[in-house]
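Examining the three-dimensional arrangement
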Amino acid sequence: MKLRYGVIAATLTFSIAGCATAPPKEPENLCRIFEEKRDWYKAAAKMEKKWGVPIQVPMAIMYQESSFKHNAKPPRDYILWVIPWGRVSSAYGYSQAKTGTWDDYVKETGNSWSSRDNFNDAMDFMGWYISKSHRINGVSKWDAYAQYLNYHEGWGGYKRQTYRQKQWLMRTAERVQERAGRYGAQLRQCEEDLQRGWLWRLFFG
């Protein structure tokens, strides 16, 4: 009996672990990412249609924030540099959304069943955030540099230009901008194929 329960427990553990989505194998190429994870492209295209945000911008920000890890967390904080004491931030998941900001997203969108470790929900959250950055601070939805600064510093921090005291952050925003440019160029080469259905790909792919 104990052995049977042990087998069941091990099977459940394996099943749960199997549900975790591994990061894409080729994160430097947006075409390879979406070819590997077709459901990610569907979620990204849905976000673009809903929020008017070009796919490459949130994908470049997501790469920077979590490296596409569904359960990414910020580093631990320590007391006296030795004793672990929570995390430096409540950020979590693909988008590294903080708890308070995620709660605001849920309230405004009504997406009450959303989860930060779900790619579809994380992508919708990022579309919402980028759209609000455009509305609040007048930042173009295509401007990955300024959008990342909004994402990192918050709308108020961006307005106060707190990023100007953080040279490292502006350099990071430049990397995000460069990646968004590459992702956009890559996507233009493969999006037509990504938009085709599985039946077309079965016979003609």
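The structure displayed is predicted, hence computed values, not measured ones. (Residues numbered from 1 in each chain as written. Predicted model: local features only at pLDDT ≥ 70, side-chain atom pairs only at ≥ 80, totals over all residues. Heavy atoms only, no water.)

**Describing the side chain of Thr 172**
Inspection of the secondary structure puts Thr 172 in helix 8 (residues 167-194). Once you skip the residues sitting within four places of it in the chain, Thr 172 turns out to touch Gln 64 and Tyr 148. (Helix = DSSP H or I, 4+ residues; strand = E, 2+ residues; numbered from the N terminus. Contact = heavy atoms within 4.5 Å.)

**A look at the packing of aromatic side chains**
Remark: the centre distance and the inter-plane angle together describe each pair of aromatic rings, the angle taken between the planes. Taken as a whole and assessed by the stated rule, the structure comprises 18 aromatic pairs. Arranged with centres 5.9 Å apart and planes meeting at 50°, the rings of Trp 40 and Phe 68 form a pair that is tilted. Residue Trp 40 is located in helix 3 (residues 38-51), and its partner Phe 68 is located in the loop between helix 4 (56-66) and strand 1 (76-79); the two are separated by 28 residues in the primary sequence. Owing to a relative accessible area of 2%, Trp 40 belongs among the buried residues under this scheme. Here the aromatic residues Trp 102, Tyr 105, Phe 125, Trp 128, Tyr 129, Tyr 151 and Trp 155 are joined through ring pairs into a cluster of three or more. Positioned above the aromatic ring of Trp 40, the side-chain terminus of Lys 37 is 5.1 Å from the ring centre. The ring of Tyr 63 carries the charged tip of Arg 179 above its face, separated from the ring centre by 3.6 Å. (Phe/Tyr/Trp six-rings, centres within 6.5 Å; stacked < 30°, edge-to-face > 60°. Buried < 20%, exposed > 50% of the residue type's maximum accessible area, 1.4 Å probe, protein only. Lys NZ or Arg CZ within 6 Å of the ring centre and 35° of its normal.)

**Brief notes about the side chain of Asn 150**
Here Asn 150 is to be found in helix 7 (residues 144-160). Judged by relative accessible area, Asn 150 falls into the buried class, the value being 0%. There is a polar contact of 3.0 Å between the side chain of Asn 150 and the backbone oxygen of Ala 146. Ignoring sequence-local partners within four residues, the contact set of Asn 150 consists of Tyr 129, Ser 133, Asn 137, Val 139, Trp 155 and Tyr 158. (Polar contact = N/O pair within 3.5 Å; in protein donor to acceptor, adjacent residues only side chain to side chain.)

**Digging into the state of the cysteines**
In this structure the tally under the stated criterion is one disulfide. Note that Cys 31 is cross-linked by a disulfide to Cys 190, the S-S spacing being 2.1 Å. Given an S-S torsion of about -95°, the disulfide between Cys 31 and Cys 190 has left-handed geometry. Residue Cys 31 is found in helix 2 (residues 30-36), and its partner Cys 190 is found in helix 8; the two are separated by 159 residues along the sequence. When sorted by exposure, Cys 31 lands in the same class as Cys 190, which is buried. (Disulfide = S-S within 2.5 Å.)

**Some points on the nonpolar core**
Across soluble globular proteins, nonpolar side chains have a tendency to be buried as a group. Core analysis: the biggest nonpolar cluster contains 50 residues, and Phe 34, Met 59 and Phe 125 have the highest contact counts within it. Of the residues forming this core, the biggest block, nine residues, is contributed by helix 8. Leave out the neighbours within four places in its chain, and Phe 34 touches Trp 40, Tyr 41, Ala 44, Ile 55, Met 59, Leu 187 and Leu 194. (Core = buried A, V, L, I, M, F, W, Y, C linked by side-chain atoms within 4.5 Å.)

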